[in-house]
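Below, each chain spelled out in residue letters.
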Amino acid sequence: MISFLANLFLSSVVSDFFYIIFKLTEGWQLSFHRFANEHPAFYLLSPEITLVTGGITLYLIHFLLPRKWLRFIVMPLALSTQLMSLSMTIHMIYVTSRFYTYNLGRYWGGQETIDPFSLFWAQTVDVIALIVILISFRYPPLEPYLPEFYALLNFATASIEFMVASSDVMTIWLMTEFSSIMLYLLIALVRGKRVIAEGLLKFFLLGTFSGILILFGCAILYGLTGSTNLYDFKWMFTYHELYNPIAALSLAFIGAGLGFKIGIAPFHLWIPDTFEAAPTPVVAFMSAAPKAGGLCVFARFLLLGLQPLKDFWIPVLILMAILGMVVGTFGALHQTNLKRLLGYSGVAHMGFMLSAIAVAASQNKTLETESAGFHAAVFYIYAYVFFNLGAFAIITFLESQGIEPEMSAYSGLAYRSPFTAFLMTVFLLALAGIPPTSGFWAKWWVFFAALEESSYPLVVVMGAMTVLGLYYYARILYWMYMVPPKEGAEKFYTPPLSTAMAWGILIPTTGVFIMSFLAPIFYLYAQTVYLLNWPI
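Rules of the game
Residues numbered from 1 in each chain as written. Predicted model: local features only at pLDDT ≥ 70, side-chain atom pairs only at ≥ 80, totals over all residues. Heavy atoms only, no water. Helix = DSSP H or I, 4+ residues; strand = E, 2+ residues; numbered from the N terminus. Buried < 20%, exposed > 50% of the residue type's maximum accessible area, 1.4 Å probe, protein only. Contact = heavy atoms within 4.5 Å. Patch = residues over 30% accessible without salt bridge, like charges linked within 9 Å, V, L, I, M, F, W, Y side chains within 5 Å. Areas by Shrake-Rupley, 256 points an atom, 1.4 Å probe, with all protein chains shown as cover. Salt bridge = Lys/Arg side-chain N within 4 Å of Asp/Glu carboxyl O. Expected span 1.5 Å × (residues − 1). Bend = angle between axes of the 7 residues up to and from the residue. Phe/Tyr/Trp six-rings, centres within 6.5 Å; stacked < 30°, edge-to-face > 60°. Axes fitted to C-alpha atoms, helices over the stretch in contact; angles between N-to-C directions. Parallel < 35°, antiparallel > 145°, perpendicular 65-115°, else oblique. Left-handed = near helix turned anticlockwise from the far one by under 90°. Nonpolar A, V, L, I, M, F, W, Y, C, P; charged D, E, K, R; others polar. Core = buried A, V, L, I, M, F, W, Y, C linked by side-chain atoms within 4.5 Å. Arc of directions from axis to C-beta. Polar contact = N/O pair within 3.5 Å; in protein donor to acceptor, adjacent residues only side chain to side chain. pLDDT = per-residue confidence, 0-100.

> Quick rundown of the overall build of the chain? Include the residues and the values.
Scanning the chain from terminus to terminus reveals 23 helices and two strands. Among the 536 residues that make up the chain, the fraction classed as buried is 61%. Put simply, 80% of the contacts in the chain that link residues at least 6 apart link residues at least 24 apart.

> An account of a nonpolar patch on the surface is requested, with residue identities and associated values reported.
A grouping of F419, F422, Y478, Y481, M482, F513, I514, F517 and L518 is seen on the molecular surface, where their side chains present a nonpolar patch of about 930 Å² in accessible area. Elements with a contribution of two residues or more to the nonpolar patch: α18 (418–432), α20 (456–481) and α21 (500–517). By residue number, the principal contributor to the nonpolar patch is α21, which donates three residues. With respect to the helices and strands, F422 occurs in helix α18.

> Explain α20 to me, using residue names and the numbers behind them.
Its 26 residues place the ends of α20 37 Å apart at the C-alpha level, agreeing with the 38 Å of an ideal helix rising 1.5 Å per residue. The largest bend along α20 measures about 25 degrees and falls at Y473.

> Break down the pattern of salt bridges for me, citing the residues and quoting the values.
Counted according to the given criterion, the structure contains four salt bridges. In this structure, R340 engages D273 in a salt bridge whose closest nitrogen and oxygen atoms are separated by 2.8 Å. With R340 in helix α15 (residues 338–362) and D273 in helix α12 (residues 271–277), this residue pair connects regions lying 67 residues apart in the sequence. By relative accessible area, which is 26% here, D273 ends up partly exposed.

> Give a detailed account of the packing of aromatic side chains, specifying residues and quantitative values.
Within the structure shown, the criterion is met by 24 aromatic pairs. Between Y382 and F386, the ring centres sit 5.2 Å apart and the planes meet at 80 degrees, which makes this aromatic pair edge-to-face. With Y382 and F386 both in helix α16 (residues 372–400), this residue pair falls four residues apart, about one helical turn. Looking at F386, the relative accessible area reads 8%, which means it is buried. These aromatic residues form a ring-pair network of at least three members: F379, F440, W441, W444, W445 and F447.

> Let's hear about the environment of G469: which residues, and what values?
Structurally, the position occupied by G469 is in helix α20. For G469, a relative accessible area of 4% puts it in the buried group. For the pair G469 and T329, spaced 140 residues apart in the sequence, the C-alpha separation amounts to 5.8 Å.

> Explain the packing of helix α19 (residues 438–452) against α20 to me, and be specific about the residues and the numbers.
What describes two packed helices is the angle between their axes and the distance between those same axes. Packing of α19 against α20 brings their axes to within 8 Å, and their N-to-C directions diverge by 155 degrees. One finds that α19 runs roughly antiparallel with respect to α20. The two elements α19 and α20 meet at a crossing, and its hand is left-handed. Taken together, the residues of α20 that come into contact with α19 (itself represented by K443, V446, F447, A450 and L451) are Y456, L458, V459, M462 and T466. Of the residues that constitute the contact of α19 with α20, the class distribution is eight nonpolar, one polar and one charged.

> Give a detailed account of the side chain of S250, specifying residues and quantitative values.
Looking at where S250 falls in the secondary structure, it is placed in helix α11 (residues 245–262). You can call S250 buried: its relative accessible area is 1%.

> Report on the nonpolar core, specifying residues and quantitative values.
Ranked by size, the top nonpolar core spans 169 residues in total, and within it F149, Y150, F285, F301 and W313 carry the most contacts. When residues of this core are assigned to their parent elements, the largest contribution, 21 residues, is made by α16. Those residues in contact with F149 that sit more than four places away from it in its chain are V132, S136, L142, L186, L189, P281 and V282. If you look at the next biggest cluster of nonpolar residues, it comprises seven residues, including Y43, L44, I93 and L119.

> For the packing of α15 against α19, give the residues involved together with the corresponding values.
Running from N to C, α15 and α19 point in directions that differ by 40 degrees, and their axes come no closer than 9 Å. Classified by the angle their axes make, α15 and α19 are oblique. The hand of the α15/α19 crossing is left-handed. Facing H349, F352, S355, A356 and V359 of α15, the residues of α19 in contact are K443, V446, A449 and A450. When grouped by side-chain class, the residues that make up the contact of α15 with α19 number six nonpolar, two polar and one charged.

> Account for helix α10 (residues 230–239), with residues named and values stated.
Taken together, the buried positions of α10 are occupied by L230, F233, M236 and F237. Buried positions in α10, seen along its axis, are confined to an arc of 120 degrees and lie on one side of it. Between a side-chain oxygen at the N-terminus of α10 and the backbone nitrogen of Y231 the separation is 2.9 Å; the capping residue is N229.

> Outline unusual backbone geometry, listing residues and values.
The omega torsion of the bond from A265 to P266 falls at 10 degrees, within 30 degrees of zero and hence cis. Among the secondary structure elements, P266 is positioned in the loop between α11 and α12.

> Go over the confidence of the model for the chain, please, and point to the residues and values.
The predicted model of the chain has a mean per-residue pLDDT of 81, with 83% of residues at 70 or higher. When pLDDT is averaged over each element of the chain, α18 comes out on top at 92 and helix α23 (residues 530–533) at the bottom at 40. In this model, residues 1–15 is a region of pLDDT below 50 whose contacts with residues beyond four sequence positions or in other chains number 12 contacts. Counting interchain partners and residues more than four positions distant, the pLDDT-below-50 stretch residues 528–536 has 36 contacts.

> Explain the environment of L44 to me, and be specific about the residues and the numbers.
Relative to the helices and strands, L44 is located in helix α3 (residues 40–44). On a C-alpha basis, the gap between L44 and M88 in space is 8.8 Å, while along the polypeptide they are 44 residues apart.

> Quick rundown of the environment of N337? Include the residues and the values.
Relative to the assigned elements, N337 resides in the loop between α14 (310–333) and α15. Exposure remark for N337: the relative accessible area of 7% places this residue in the buried category. Sequence spacing of N337 and S408 is 71 residues, and the spatial spacing of their C-alpha atoms is 9.1 Å. For N337, the contacting residues outside a window of four places in its chain are E276, P405 and E406. One polar contact links the side chain of N337 to the main-chain amide nitrogen of K339, over a distance of 2.9 Å. Among the polar contacts listed, one links the side chain of N337 to the backbone nitrogen of R340, at a separation of 3.2 Å.

This is how it looks when you write it as structure tokens:
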């Protein structure tokens, strides 16, 4: 009954809001709907087309306009591009969920599957890019390179949006490699520092190696099944005797390659050095968008294409999840650089997310997407995006104030800027999983789903690593609140709302607070609304 009322209330509020907006633009809507019905493939590609067009435009104006004009043009253009892409994905979710029009489904020979799952995560990646654009505007190391930075960010966002909709291993490999190339270039924008060159080299070499692993695994699957499509894989493995060591080998290669791309232990060794070396807005994007997109690909690949082989890969996934939580937690314990610490923290959080996917596959449901484990995984990824981006937004702001991302540099932050320290505290508490933050609800539902499935090793490790992880987050709080500021350190204020940085901090803060205090309603809604019950 509560679930039904929550679903009815939220659905009516959202529907009424969109009804008012669309009623005000009824004439434009009619012509747009006519185009969408006549050309559904182009309509469903419109967010990516917008992003690519915006990226090309940013590059062109970089060469055509005087440099003194660029700072007044590139940021509004990048923002408008992302907002247009975001509004298009929202429109698609609204219209397709209400009327199921525009031939929602597989396109381009099964290369892409446009469904509510892919649209939701494309919208999430747009929000991530929007926040990164806002926090990078006044970031000193990137100011000379803003046109190139925003253009590359648009291309990276478009490739990840293609990636989350991919239902063919060749498309997955191509979009994964393209997004990796964009990340290489984003890191390399700021030149002249040896530490950046070292971090980039490690990321580039391991990224190239992981791409080869994915391609080799795809080749094995193609030789085994005669296809590269995930839907064909499921059919072949279900109705043909193809479960053999060769299939397991291909899964191992692809899993290892994707693990390198998104930083799953034990394939995470590039993360701390690369995070420390790269500009902080780039790290913020790397820590959220590729991870969210990669986990969605991981879920679609395992729960769709290789679902008949789940008796083989579920134990492996559980082992990787446990390893990620342990390695990430112990790796973060002795870190003093906040970017390295959050890099290891991300490895531990990836372990929790993999646990949820493993539990989703273990539960006896007609569709894995109907399970509590799948709902917990989606909620966890979405919550992680906001509190992780919020922490990096604060680090970016403090760097612009001349405060390096070292624990010792944060001494007395509560005295120097009380509200900034408060916001950082909120994000750290969410990362640690302290109630009633969204991080607590995310961990709680993964824990509960694992307990329901009797996955006791996961339950024990999750509980132990959550408690142990409190230590390194508490160390940051100790430096901010208990250690006095250095002699001569001046007070400063959080940026006013008239600045881009303020909005870049406000968006994740709002997301964390909403998801923290309305999390039970969100979770009930997630169990009833079409979005998470749609077969991936």
